[in-house]
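Now for the letters of each chain:
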Amino acid sequence: MRKERITQNRVMQLFAMTLGYRDLGSLEDEENSPIREQDLRSWFERRGLYSEQVINKALFEFRKAINVSPTDDLYPINKQGYSKLRYGVKVAEEVGSPVQTVWLIDWATPEANDFAIAEEVSVRGTNAKRPDIVIYVNGIALGVLELKSASVGVSEGIRQNLDNQHHRFIRPFFGTIQLIMAGNDSQGLYYGTTKTAEKYYLKWKEENYTYDPDKNLLDQHLLQFCEKGRFLEFIHDFVVFDAGTKKLCRPNQFFGVREARKYIDRREGGIIWHTQGSGKSLTMVWLAKWIREHQNDARLLIITDRTELDQQIETVFKGVDEQIYRTKSGKDLIEKLNEAEPWLICSLIHKFGRGEKEEGMEDLIASLTTSDDFIPKGNLFIFIDECHRTQSGDLHDAMKELLPDALFIGFTGTPLLKKDKKKSIEIFGSYIHTYKFDEAVADGVVLDLLYEARDVDQKVTDQKGVDEWFEMVTKGMKDLPKAELKVMWGSMQKILSTKDRLQKIAMDIVKDFKMKPRLRDGHGNAILVTGSIYEACRYYKIFQDFDFKKCAIITSFEPTVSSIKGESTGDGNTEKLEQFETYVSMLGKEDREKFEKRVKKQFIEEPANMQLLIVVDKLLTGFDAPACTYLYIDKEMRDHGLFQAICRVNRTEKEDKEFGYIVDYKDLFKSLDRAIADYTSDAFDDFEAEDVKGLLTDRLQKSKERLDDALETLDKLCIGVVPPREIEQWIRFFCGNTEDDNALKETEEKRLTFYKAVVSLIRAYNNAAPEMLDIGYTQIEADRIQGHVIDYTKLRDSIKHASGDYIDLKRFEPDMRQLLDMYLSAEPSRVISDFGDATLLQLIVEKGIQEATNQLPKAIRKSETAVAETLEANMRKVIIQEMPVNPAYYEKMSVLLHELIQQRKSAAIRYEEFLKRMAKLAANINPDSIKSSYPAKINTPAKQALYDNLEANEELAMVMDHDIIYGKKVDWIGDVIKEREVKNIIKRYVSGKEKVEQILDIVKKQREYK
């Protein structure tokens, strides 16, 4: 397997020899900043466009714009820096002289710029860091690349990039950075920008290109992404600062916009079909920005057919600092088109007349088209959002009649119907670019959708059937959750034996909230689609009766007195009266619009507190709630409406959201009557099968595939564990040799991969456990698989304790606890919490070594060798972590540990004596322990660190400690000038540059000095 150094050497050569970047070599021994001023000045001089005075002023303004202190928010500073890079620096040579634009980059001619690459770029900060590779253009740092070996996940490189932007490290270096990348030979290149969270990093994928398996994947990605023109194009045309978040385009957006430009240059319209959830709104933004800059007298009108989409478009464009005018009426729209400003307008299509609430516009349009007074101003471009709905009929004719010279581009997130394809092409032109659902799933842009049709009457026709169903769905479940479910079974038995279908469905949904992982733990929530407002209200009342309170109705119903006028019959409530009373009960004294706004916000941000929204038509288009995991359908739906509705649950979110789930109570695809389900027919009959291929996957089939794959992944990962495969062999495989100082670090990625694989197995098993026989396993196979899951779970916990990873991963455990508590044996989940918040060393110090080892997992406890190696690995981990705080002291501790390990392995001491000495060593290694081996005045960790690293000179340690405490300034770490003042204090007492730097690094690690 290639090591990182080999990969880095090859990548440096690739940039220099193939991409033509200037090789600056290693900058490890330099103090580096985001601007290599001499390189930038040299580039200016070669171009000869500006005087030295103008250059000096431009550099001053640029440095001022990107000046970041460790405590500053990086977003506004980076935004200021980007503005100077993108639009140039405006300066005047003298007071009163004309303002000049000083271009820091020649965007029009990439080859005219000085592209350079450097490795091991040392950057001083609160804690110094050294990015693997930095890309400079004209001396300005624009890109950072972290490389990992093929055996180490790209995620580690992404996390390093995120760490580097933290105030504790080198945040000021990122004032100019635009592209932040991580890669390895097996996964290729991932990219993001400043403050991009790990889950939003994007994998590069070239369009219309087949990757050669015989060539290095990372190299192929870098040759495409970092080609000089592409690198600058990405920064110039595909960066937005969106309401506090800096964003880059996805590959499908990049190639879609590029293709649209070609159509526009040829004065051709067309359709961009990018599937739901793949970023259609921002694709509009990037194309709009390009149109504004490259088309003379450009004006853009964005048309939607629904008020919520109109509002969404306005929000998106204003979020990226584009002022967009939202028309108030048809008359207002026509007036604005008849004027030269504003350049950017959004409107509902009905404001062109011949549609709802604008009936009077037809005559106005007719008069305008024959009038000399109405002439649409500017070079008009029309974006039609959701053009599959608005692309035909009189509305479009009105638009064409009113704006005959405009260029139309349609955007859609769903495929076009067979019957509409021909007409759509006649109106808009051909497909400009497509990005279908199966492509987006493969790229990880959206989630796969798992579908199941449910018949609530199927298995519960009598009392015996109810009891059998209960035993079936709780088979293998542990006693406590089974008892919790039993509590609601009394009422469930009554309901399932009634004829009220809505009650049965409601109870089925409540059961899911008790059993399905994301619904049960509050991480996810759901939408129920009903056939009418009346049904929605009935469902709401049923859920309230079941004490399922965290739900709400969102429909178009207005509970006003006029809505029930004439409804009283004296013979009980009519449907409208029931609707009215249900809404009044739900709203209380709250206004309906405010209620809906609050509920939607809660549904998006607090899924545990708003578990279910009951809808009819609302929220099924343009409503993004990443936590939403389940869509329950109890309404006849098909084609576009169904496509858009099911995509409400395909948004990516946290790691535990692996799929979106569609539960269909109407059997829209007639799958209950077929041996093999076909999800391209019936409800999707009017689409081309190719256009909806891969949209839905059978849930039971996928559950089995997922469980089989999870088991296979673990089996392959653990193939190297040698016989007899007892706990000692597992610890050695995942933790390495405890004598080796670097073993824990070198095996860390292997352990993390194992932990993640076990988590995937537990999640897959939890989804499949209630229906193992239904998805195709025999009882013998089901029992064997459960045994494997339990064994791997126990191994996971043993290895976490043996390596000392337990405390580092504790924050990820609550989710696992809930999963383990459903179907797996009690011991693994009990062991997870035995240590509380304490490390193994803390337990040894506080409770004694016997008590501490008694709390280890049973698999470790039964082997003296496993206990010994667990103690050794935990101590080694603490030594490595604490070494930078006090190198001299922990180097001694490392030697003592090494000697003790050798004595154990050579049987020079008995096991009991070994434990006794380990307990004593643990007290000395544990950073929180009070150490009595120091002089009385050396009574703080900071003094002790100085004492140990100044050759045990008590007087020197005391005076330096005093001077640092009273001489340091607030927030001194990371501030070059303030750091120099502390370094000067150290220089009073220490000679030699290397020693001064060593003591300064130690001082920066002490809590007392921060």
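Residues numbered from 1 in each chain as written. Predicted model: local features only at pLDDT ≥ 70, side-chain atom pairs only at ≥ 80, totals over all residues. Heavy atoms only, no water.

### Some words on the overall build of the protein
Broken down by element type, the protein carries 42 helices and 25 strands. Within the structure as shown, the protein displays about 44100 Å² of accessible surface, and the carbon and sulfur contribution to it stands at 49%. (Helix = DSSP H or I, 4+ residues; strand = E, 2+ residues; numbered from the N terminus. Areas by Shrake-Rupley, 256 points an atom, 1.4 Å probe, with all protein chains shown as cover.)

### Quick look at the packing of aromatic side chains
Here the structure, examined in full by the defined rule, presents 41 aromatic pairs. Between Phe-543 and Phe-548, the aromatic rings sit 5.4 Å apart at their centres with planes inclined by 45°, giving tilted as the arrangement. Through a chain of ring-to-ring contacts, the aromatic side chains of Tyr-191, Trp-204, Phe-225, Phe-234, Phe-238, Phe-254, Phe-255 and Trp-286 assemble into a single cluster. Seen from the ring of Phe-381, Arg-267 lies directly overhead, with NZ or CZ sitting 5.1 Å from the centre. (Phe/Tyr/Trp six-rings, centres within 6.5 Å; stacked < 30°, edge-to-face > 60°. Lys NZ or Arg CZ within 6 Å of the ring centre and 35° of its normal.)

### Description of the nonpolar core
Of all hydrophobic cores here, the largest spans 87 residues; its most connected members are Phe-15, Cys-226, Phe-231, Leu-287, Ile-302 and Phe-383. In terms of residue count, the dominant contributor to this core is helix α9 (residues 280-294) (eight residues). Composition of this core by domain shows at least three residues from each of domain 1 (4-239) and domain 2 (249-435). The contact partners of Phe-383, leaving out residues within four places of it in the chain, are Met-284, Leu-287, Ala-288, Ile-291, Leu-300, Leu-301, Ile-302, Ile-303, Ile-409 and Phe-411. In this structure, Leu-714, Met-875, Tyr-947 and Ile-973 belong to the second largest nonpolar core, which totals 85 residues. (Core = buried A, V, L, I, M, F, W, Y, C linked by side-chain atoms within 4.5 Å. Buried < 20%, exposed > 50% of the residue type's maximum accessible area, 1.4 Å probe, protein only. Domains from an automatic or database assignment. Contact = heavy atoms within 4.5 Å.)

### Looking at the sheet that holds strand β22 (residues 612-615)
Ordered in space as β21-β22-β20-β23-β24-β19-β25, the seven strands form an open sheet in which the pairing is parallel. Every interior strand has two partners, whereas the edge strands, β21 (551-554) and β25 (696-698), have only one. On average, adjacent strands in this sheet sit at an angle of 25° to one another, irrespective of strand direction. The sheet contact formed by strand β20 (residues 525-530) and strand β23 (residues 628-634) spans six bridges and is parallel. Of the residues in β23, the one forming a bridge with Ile-527 is Leu-631. Seen against the sheet, helix α22 (residues 533-545) touches β20, β21, β22 and β23 and runs at an angle of roughly 170° to β21. (Pairing = 2+ DSSP bridges. Axes fitted to C-alpha atoms, helices over the stretch in contact; angles between N-to-C directions.)

### Description of the side chain of Arg-86
With respect to the helices, strands and loops of the structure, Arg-86 is situated in helix α4 (residues 74-87). Overall, Arg-86 belongs to the buried group, its relative accessible area being 7%. A distance of 3.0 Å separates a polar atom in the side chain of Arg-86 from a polar atom in the side chain of Glu-293. Excluding its chain neighbours within four sequence positions, the residues that come into contact with Arg-86 are Trp-103, Trp-107, His-236, Asp-237 and Glu-293. (Polar contact = N/O pair within 3.5 Å; in protein donor to acceptor, adjacent residues only side chain to side chain.)

### Things to note about the pattern of salt bridges
Counting across every chain of the model gives 73 salt bridges. With a shortest N-O distance of 3.7 Å, Arg-648 and Asp-624 are connected by a salt bridge. Placement of Arg-648 in the loop between α25 (639-646) and β24 (660-664) and of Asp-624 in the loop between β22 and β23 is noted, with a sequence separation of 24 residues between them. Arg-648 sits in the buried class, given a relative accessible area of 2%. Here Lys-745 ties to Glu-748 by a salt bridge, and the two come within 3.0 Å at their closest N and O atoms. The class of Lys-745 is exposed, set by a relative accessible area of 54%. Linked by salt bridges that have partners in common, Glu-452, Arg-454, Asp-508, Lys-511, Asp-512, Arg-699 and Glu-771 make up one network. (Salt bridge = Lys/Arg side-chain N within 4 Å of Asp/Glu carboxyl O.)

### Quick notes on the sheet that holds strand β9 (residues 202-203)
Pairing in this open sheet of seven strands is mixed, and the strands run β1-β4-β5-β6-β7-β8-β9 from one edge to the other. Whereas interior strands pair on both sides, the edge strands pair on one side only; in this sheet they are β1 (22-26) and β9. Two elements, strand β4 (residues 115-119) and strand β5 (residues 133-137), share five bridges in a ladder whose sense is antiparallel. Bridge assignment links Phe-115 to a residue of β5, and that residue is Val-137. Contacts between helix α6 (residues 217-225) and the sheet are confined to β6 (140-147), β7 (179-184), β8 (188-192) and β9, with β8 contributing the most and set at about 45° to the helix.

### A closer look at a positive patch on the surface
Taken together, the side chains of Lys-794, Lys-858, Arg-861 and Lys-862 present a region of like positive charge at the surface. Along the chain, Lys-794 falls in helix α30 (residues 779-803). (Patch = residues over 30% accessible without salt bridge, like charges linked within 9 Å, V, L, I, M, F, W, Y side chains within 5 Å. Lys, Arg positive; Asp, Glu negative; His and termini not counted. Charge placed at Lys NZ, Arg CZ, Asp CG, Glu CD.)

### Considerations on α6
The buried fraction of α6 amounts to eight of the nine residues, a majority that puts the element mostly inside the structure. Within the span of α6, buried status applies to Leu-217, Leu-218, Asp-219, Gln-220, His-221, Leu-222, Gln-224 and Phe-225. In this structure, the buried residues of α6 make contact with α1 (4-18), β6, β7, β8, β9 and α7 (228-237). In this structure Asn-216 caps α6, since a side-chain oxygen of it lies 2.9 Å from the backbone nitrogen of Leu-218.

### Describing the pairing of β8
Counting buried positions along β8 gives five out of five residues, so the element sits mostly inside the fold. Pairing between β7 and β8: five bridges, direction antiparallel. Note on β8: the bridge partner recorded for Ile-180 is Gly-192. Where β7 folds back onto β8 in an antiparallel hairpin, the turn is made up of three residues.

### Topic: unusual backbone geometry
Trans peptide bonds make up most of the peptide bonds, and negative phi angles are found at most residues other than glycine. Of the consecutive residues Glu-341 and Pro-342, the connecting peptide bond is found in the cis state with omega at 0°. Position of Pro-342 among the secondary structure elements: in the loop between α11 (330-337) and β15 (344-348). One non-glycine residue, Leu-619, adopts positive backbone phi at about 70°. Position of Leu-619 among the secondary structure elements: in the loop between β22 and β23. Non-glycine residue Ala-952 carries a positive phi angle of around 60°.

### Let's talk about the packing of helix α26 (residues 699-717) against α30
At a minimum axis separation of 12 Å, α26 and α30 run at an interaxial angle of 50°. Our classification of the angle between α26 and α30 gives oblique. As α26 packs across α30, the resulting crossing turns out to be left-handed. Facing Leu-707, Leu-711, Leu-714 and Asp-715 of α26, the residues of α30 in contact are Ile-785, His-788 and Tyr-792. Broken down by class, the residue content of the contact of α26 with α30 amounts to five nonpolar, one polar and one charged. (Parallel < 35°, antiparallel > 145°, perpendicular 65-115°, else oblique. Left-handed = near helix turned anticlockwise from the far one by under 90°. Nonpolar A, V, L, I, M, F, W, Y, C, P; charged D, E, K, R; others polar.)

### A look at the packing of helix α27 (residues 727-735) against helix α29 (residues 748-768)
Close contact between α27 and α29 brings their axes to 7 Å; oriented N to C, the two are set at 120°. Here Phe-733, Phe-734 and Cys-735 of α27 come into contact with α29, specifically with Lys-750, Arg-751 and Phe-754. Across the contact of α27 with α29, the residue classes break down as four nonpolar, no polar and two charged.

### Points about the environment of Lys-400
When you line up the elements, Lys-400 lands in helix α14 (residues 394-402). A residue is classified by how much of its surface remains accessible, and Lys-400, at 35% relative accessible area, is partly exposed. A C-alpha to C-alpha distance of 9.2 Å links Lys-400 and Ile-427, two positions 27 residues apart in sequence. Discounting chain neighbours no more than four positions away, the residues touching Lys-400 are Phe-408 and Ile-427.

### Concerning the side chain of Glu-314
Here Glu-314 is to be found in helix α10 (residues 307-319). Residue Glu-314 is classed as buried on the basis of its relative accessible area of 18%. There is a polar contact of 3.4 Å between the side chain of Glu-314 and the side chain of Arg-326. Residue contacts for Glu-314: discarding those within four places in its chain leaves Ile-324, Arg-326 and Cys-346.

### Brief notes about the pairing of strand β3 (residues 99-102)
For a regular strand, the rule is simple: side chains alternate between the two faces of the sheet. In this structure, strand β2 (residues 89-92) lies alongside β3, joined through four bridges in antiparallel fashion. Bridge pairing in β3 places Val-89 opposite Val-102. Between β2 and β3, which follow one another and run antiparallel, lie six residues, and Gly-96 among them has a positive phi close to 90°.

### Some remarks on the environment of Ser-430
Positionally, Ser-430 belongs in the loop between α15 (418-428) and β18 (431-435). Accessibility expressed as a relative area gives 34% for Ser-430, which makes it partly exposed. Ser-430 sits 161 residues away from Gly-269 along the chain, and the two C-alpha atoms are 7.7 Å apart. Here Ser-430 is in contact with Tyr-263, Gly-269, Gly-270, Ile-271 and Ile-425, once residues within four sequence places are set aside. A distance of 3.2 Å separates the side chain of Ser-430 from the side chain of Tyr-263, its partner in a polar contact.

### So, α29
For an α-helix, 3.6 residues make a turn, and residues three or four places apart therefore share a direction. Helix length check: α29, at 21 residues, gives a terminal C-alpha distance of 30 Å against a target of 30 Å (1.5 Å per residue), a fit within 8%. In terms of residue burial, α29 counts as a mostly covered element, since 15 of its 21 residues are buried. (Expected span 1.5 Å × (residues − 1).)

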